[in-house]
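# Observations on chain architecture
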Amino acid sequence: MLTVKKTLLLFFPLCLLLLTNNSNANNRANQYLLQKIAQAPHVKGKQSQWIQLLEQPGNSQYYYLANQQGKIYQLEQDNPKNTVLLLDLQKISAQVPILQLSAFTLHPNFSLRDQNGYGTFYTAHVEEGLDISRAKRIQEPAVTMELSFDAVVTEWQLTPTRQVDISSQREVLRIAIARVKYGIKQLSFNPYSKSWHDDFSQLYIALAQSPKLKRYPLYSGAILRIHPQRVATGNYSVPDSNPFFAKEKIEDAIYLLGAGQIKQFIWPDKYSNKLLISHLYHFKDTEKHWLSYSYGGEDWRISSPKKFLYQNEKPLTANSLLVYRGQNAPSLRNKLLLLTQNKQQWQLSSLENGNSTTNLGIQQRQKTLSPPQLEWQLQQAALIANQLTLFRDNRGELLFFNEDTGAIYQLFQQDIIQGYIPSNSDTSQGGISGMTFFIVIMLTLMAGYIFYQVNIRQNSAKSFVRREFANLAFTGDKSALNLFRRHQHKAETTIALTDITQCHLLLGDLVIATINTTLGHGFNDQQEQALREIFHQEQVDKMVDGKVRRISFSIYTGEKNKYIICLYLRKGSDRITKNSYFAVVDDVINWCWQIAAEINGEHTEERSLKPKITAAEIALAEHKTHDDTPLHTQAEIIRPATHPQPPAAVNGRAQMTETIIPQQDSASITLANHHDTTTIEAAKVETDLVNALEKLVKLQQQGFLSSDEFSQAKAKLLDSLNKAE
C-alpha cells in the first residue's frame, strides 16, 4: 500500500529542484560565526554617525574611531574602559568651528619610527569659508555662484606618548564647495605602495559631486591626488605623473573626474595602481550603481566608464567594498565583498575580482555581467542595525562594526556539512522505458532515504555530538591532548601542545574567548570573570522547547586543521551530554587557563583563585533536585504528619520536612561568577518549593495520599517554609 511517506519520496526529485537554492542559501548562512572583540563608546548628538574604523598599524590591540562630530577615539580592544578621546576638533577650532568631520586616514609610515610620517594622520572636515582663507582655496574660476564653505584637509602628529600634539596642526589643502554635504568623502593612501615606489605616500581625495556644478571638472565627482608633505612652494605638491598635470582648464591635482556620486574607492589588485570605484553614475537619463575601474585620466562626463565590474538597475545601499585576503574565512579569500542592505536585511555578497568588460555595447555588457553571489545572510541579533559597516584589520581579517551599539565583531568560518543532492539528468530524457522508469523509482527512494539520513538525522542534537569530539584530556606527560569521541574511552586523536596555534571557546555559534600566540590573547582573572558572567546570563535564560545550548572548543593546529570538542549540549529539557552545566563551565575555564599557559605563557597571568562548584549549584543549574526514595516510603513519612499523633510523632514531622524539602548544604557556596549570595539562595528556595509541591502531587496521583492528607501536607509545607524565611 502506498503510504504518505512513500508518496513524499516519489515527489522528492521535483521538490528537490525547488529546495536546492534555499538549501544552498541556508548552508551559506550558517557557515560563519562572530567574535566580539571591542566595544566603541556610545556618542549622542545630531552628528554622532561614525565615519571610519582603523586598526593601529603594528598593534592589534588598538583601534581609531572617528565620527561626524569631529571626535577621534583611541579604543583598546581588551579593556574598553581605557578608551580615550584622542582629538576633538570642535574644541580646538573655536575661531572657525568645524561643521562636519567627513574623512580620516593614517600615513603609511604611521607606526615606523625615524621615518617621515611617523605618528602622522590626516582629517577632512567642512567649515565656513572666510575671506582671509579664500586665497588658499582650490576652486573652478569659471563658477559664478557663491561657494560659502570649504573642505579642508589637515595634518596632525602624535607625541611619543601617543597623544595628539595640537601645535602640529597644519592645513594641507582647502577646496571651495557649495554645501556641507558636498565635502570630501574619502582620504586614502595606496596600501600596496612601498617606500621605494615612485607613488609612495600619495594621498587620494574623493570630492563629492555638486549637482548644480557637475559640468565643472572639480565638482563633477572627482578624485584628486597629491603629496601632502610641505614643500618650499606650499603646503603640498602635485605629482607630475598626474594625468591632467599642467593641462589647461583642469586642476593639476585631479586624477579622475565625472564619476558622479562616489561612495568608495579601493585598490583591488596589489600589483597594479588601478582603482575600483563604487559610485552612482547617471547614464542615459538613468542613475545606476556602478563598480568601475580607472587608471586615472578619464573624464566620465563625456563617455561612460569603459571598464567596469558590475552595474545595478536599482541603486543599492552598499556600505562597504573590499577585497578579502585574510585566513579566517578561506571560502571568501581573494573575493571582492559587498555589504548591502535589502529591505532592512543586511547581506554579504561577492564578485569575482577582475572580470571587467571592455569595448562592448552597453546592452551586450549587461548580458555578460554576473550578479553578486550571496555569501551570507546576516541574521544574527548582534548584526541587526540601521548602520552596519565592514572593515579590514592589519591581517586582512573582516570586522563588522554595528554603529548602533558600538560593538565590533570579527568573522570566522566554521565547517559545513553539505547534503547529498542527487542528479536528475535521467529524468530529462524522453521515451523512458520500463526499466529506466524502475531505476528512476529506485534511485528516488534511495535519494529520499539518504536525504532523511543526512539532512534529518544529522541535524538532530545527538548526531551533532556523535560527529564531534566529546571530551579531551592531557596525556600522561602533559605534553599533548587526547581527544575522545562520545562513549569512547580510547583516544581517537592526539594533539601535541606545541602544534596548537589557536583555540576558540564557543557558546553556540558565538566565539566568547580566543587563545593564541599573539599579544593579548593569553588568559587572566578578568577574562575568567567575563566568561563566568556570560555563562551565568546564558543559564538564567529559560530553556524553551527547541532551544539549543552548546559549549564547545575549536582547536587549530594549522591553517586547515581544526578539531571541535562539544563538551555540553542541551536541547530544550533534554540534556544530551553527561556533565552538568556548571561543571562544564568550570572545566572549560580550567582548560582555558591550561592551554593559554602552554601556548602563550608570556601573556597569561598566575591564577589567583580556583572556584569550586557545589552540588547545590549543580542542582540549581539543572532546575531540579533528585530524590531516589521510593514513593511508598515517602508517603509513610508524610502520612503521620496529617493525623493527630503522640509526642513521638514529632520526629516524624521533622523527618517529613527534611524529606520533602532537602536541607541546604551547610558548606559555604563559592560563587564562580561572584554574584549576590542572597539572589542565589532565593532562587534555591523557590526551586525547593516547586519540587516539594510536585512531589506531593505525584504521591496523590499514585494513590499514596488521600485528598485530605494532600491538603494537610501542603498546608504544613507552606507553613514550614514561612517559618524558615
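Residues numbered from 1 in each chain as written. Predicted model: local features only at pLDDT ≥ 70, side-chain atom pairs only at ≥ 80, totals over all residues. Heavy atoms only, no water.

## Considerations on the pattern of salt bridges
Counting across every chain of the model gives 15 salt bridges. Ionic pairing is found between Arg 607 and Glu 528, a salt bridge with its closest N-O pair at 3.3 Å. Residue Arg 607 is found in the loop between α8 (581–599) and α9 (615–621), and its partner Glu 528 is found in helix α7 (residues 525–540); the two are separated by 79 residues along the sequence. Note on Glu 528: relative accessible area 4%, which makes it buried. Several salt bridges share partner residues, and in doing so they unite Glu 127, Arg 137, Asp 150, Glu 171 and Arg 174 into one network. (Salt bridge = Lys/Arg side-chain N within 4 Å of Asp/Glu carboxyl O. Helix = DSSP H or I, 4+ residues; strand = E, 2+ residues; numbered from the N terminus. Buried < 20%, exposed > 50% of the residue type's maximum accessible area, 1.4 Å probe, protein only.)

## Structural notes on α8
Its 19 residues give α8 an end-to-end C-alpha distance of 27 Å, which sits within 8% of 27 Å, the value for a rise of 1.5 Å per residue. Extensive coverage of α8 is indicated by the burial of 14 of its 19 residues. (Expected span 1.5 Å × (residues − 1).)

## Some thoughts on the sheet that holds strand β9 (residues 164–177)
With antiparallel pairing, 4 strands are arranged side by side in an open sheet as β6-β7-β8-β9. The open sheet has two edge strands with one neighbour each: β6 (98–106) and β9. Looking at each pair of strands side by side, their axes are set apart by 25 degrees on average, direction ignored. Of the strand pairs in this sheet, β6 and strand β7 (residues 120–128) are connected by 7 bridges, and their pairing is antiparallel. For Phe 104, the partnering residue across the bridge sits in β7 and is Thr 123. (Pairing = 2+ DSSP bridges. Axes fitted to C-alpha atoms, helices over the stretch in contact; angles between N-to-C directions.)

## Quick notes on a positive patch on the surface
A surface patch of positive charge is lined by Arg 179, Lys 181, Lys 185, Lys 212 and Lys 263. The residue Arg 179 is located in the loop between β9 and β10 (184–189) in this model. (Patch = residues over 30% accessible without salt bridge, like charges linked within 9 Å, V, L, I, M, F, W, Y side chains within 5 Å. Areas by Shrake-Rupley, 256 points an atom, 1.4 Å probe, with all protein chains shown as cover. Lys, Arg positive; Asp, Glu negative; His and termini not counted. Charge placed at Lys NZ, Arg CZ, Asp CG, Glu CD.)

## Some details on the sheet that holds strand β3 (residues 62–67)
Ordered by their spatial adjacency, 4 strands build an open sheet running β2-β3-β4-β5, and the pairing between neighbours is antiparallel. Across the chains shown, the open sheet's two edge strands, defined by having one partner strand only, are β2 (50–55) and β5 (84–88). Across the sheet, the mean angle from the axis of one strand to that of its neighbour is 20 degrees, orientation sign disregarded. Looking at chain direction, strand β4 (residues 71–76) and β5 are connected through 4 bridges and run antiparallel. By the bridge assignment, Gln 74 is partnered in β5 with Val 84.

## Considering the side chain of Asn 312
By the element assignment, Asn 312 lies in strand β17 (residues 308–312). In contact with Asn 312, other than residues within four places in its own chain, are Lys 288 and His 289. (Contact = heavy atoms within 4.5 Å.)

## Let's talk about a nonpolar patch on the surface
Together, Phe 438, Ile 439, Met 442, Leu 443, Leu 445 and Met 446 make up an exposed nonpolar region whose accessible area comes to about 560 Å². Relative to the helices and strands, Ile 439 resides in helix α5 (residues 434–457).

## Focus on unusual backbone geometry
At Ala 246, a position not held by glycine, the phi torsion is positive, near 60 degrees. Its place among the elements puts Ala 246 in the loop between β12 (222–226) and β13 (254–256). Residue Ala 246 is classed as exposed on the basis of its relative accessible area, which comes to 60%. For Lys 249, which is not a glycine, the phi torsion comes out positive at approximately 75 degrees. Structurally, Lys 249 is set in the loop between β12 and β13.

## A few points about the side chain of Glu 140
Examined against the element boundaries, Glu 140 turns out to sit in the loop between β7 and β8 (149–158). Buried charged residue Glu 140 carries no salt bridge. Nearest counter-charge: Arg 301, at 7.0 Å. In this structure, Glu 140 is in contact with Tyr 216, Pro 217, Leu 218, Tyr 219 and Lys 249, ignoring residues within four places of it in sequence.

## Some words on the packing of α7 against α8
Between α7 and α8, the shortest axis-to-axis distance is 11 Å and the interhelical angle comes to 155 degrees. Between α7 and α8, the interaxial angle falls into the category roughly antiparallel. Here α7 and α8 pass one another in a crossing that is right-handed. Taking contact as the criterion, the partners of Asp 525, Glu 528, Leu 531, Arg 532, Phe 535, Glu 538 and Gln 539 in α7 are, on α8, Tyr 581, Phe 582, Val 585, Asp 586, Val 588, Ile 589, Cys 592 and Trp 593. (Parallel < 35°, antiparallel > 145°, perpendicular 65-115°, else oblique. Left-handed = near helix turned anticlockwise from the far one by under 90°.)

## What to know about the packing of aromatic side chains
Evaluated as defined, the whole model comprises 21 aromatic pairs. Judged by centre distance (6.5 Å) and plane angle (50 degrees), the rings of Tyr 204 and Phe 265 are tilted. Remark: Phe 265 occurs in strand β14 (residues 261–266) and Tyr 204 occurs in strand β11 (residues 203–207); sequence separation between them is 61 residues. Like Tyr 204, the residue Phe 265 is buried in the burial classification. Summarising the aromatic geometry, the rings of Tyr 281 and Trp 290 are spaced 5.3 Å apart at their centres and angled 70 degrees between planes, so their arrangement reads as edge-to-face. Taking relative accessible area as the criterion, Trp 290 reaches 0% and is therefore assigned buried. Among the aromatic side chains, those forming a connected cluster through ring pairs are Tyr 204, Tyr 255, Phe 265 and Trp 267. The ring of Phe 469 has Arg 485 sitting right over it, with the charged end atom 4.1 Å from the ring centre. In this structure, Arg 549 packs its charged tip against the face of Tyr 581, placed 5.3 Å from the ring centre. (Phe/Tyr/Trp six-rings, centres within 6.5 Å; stacked < 30°, edge-to-face > 60°. Lys NZ or Arg CZ within 6 Å of the ring centre and 35° of its normal.)

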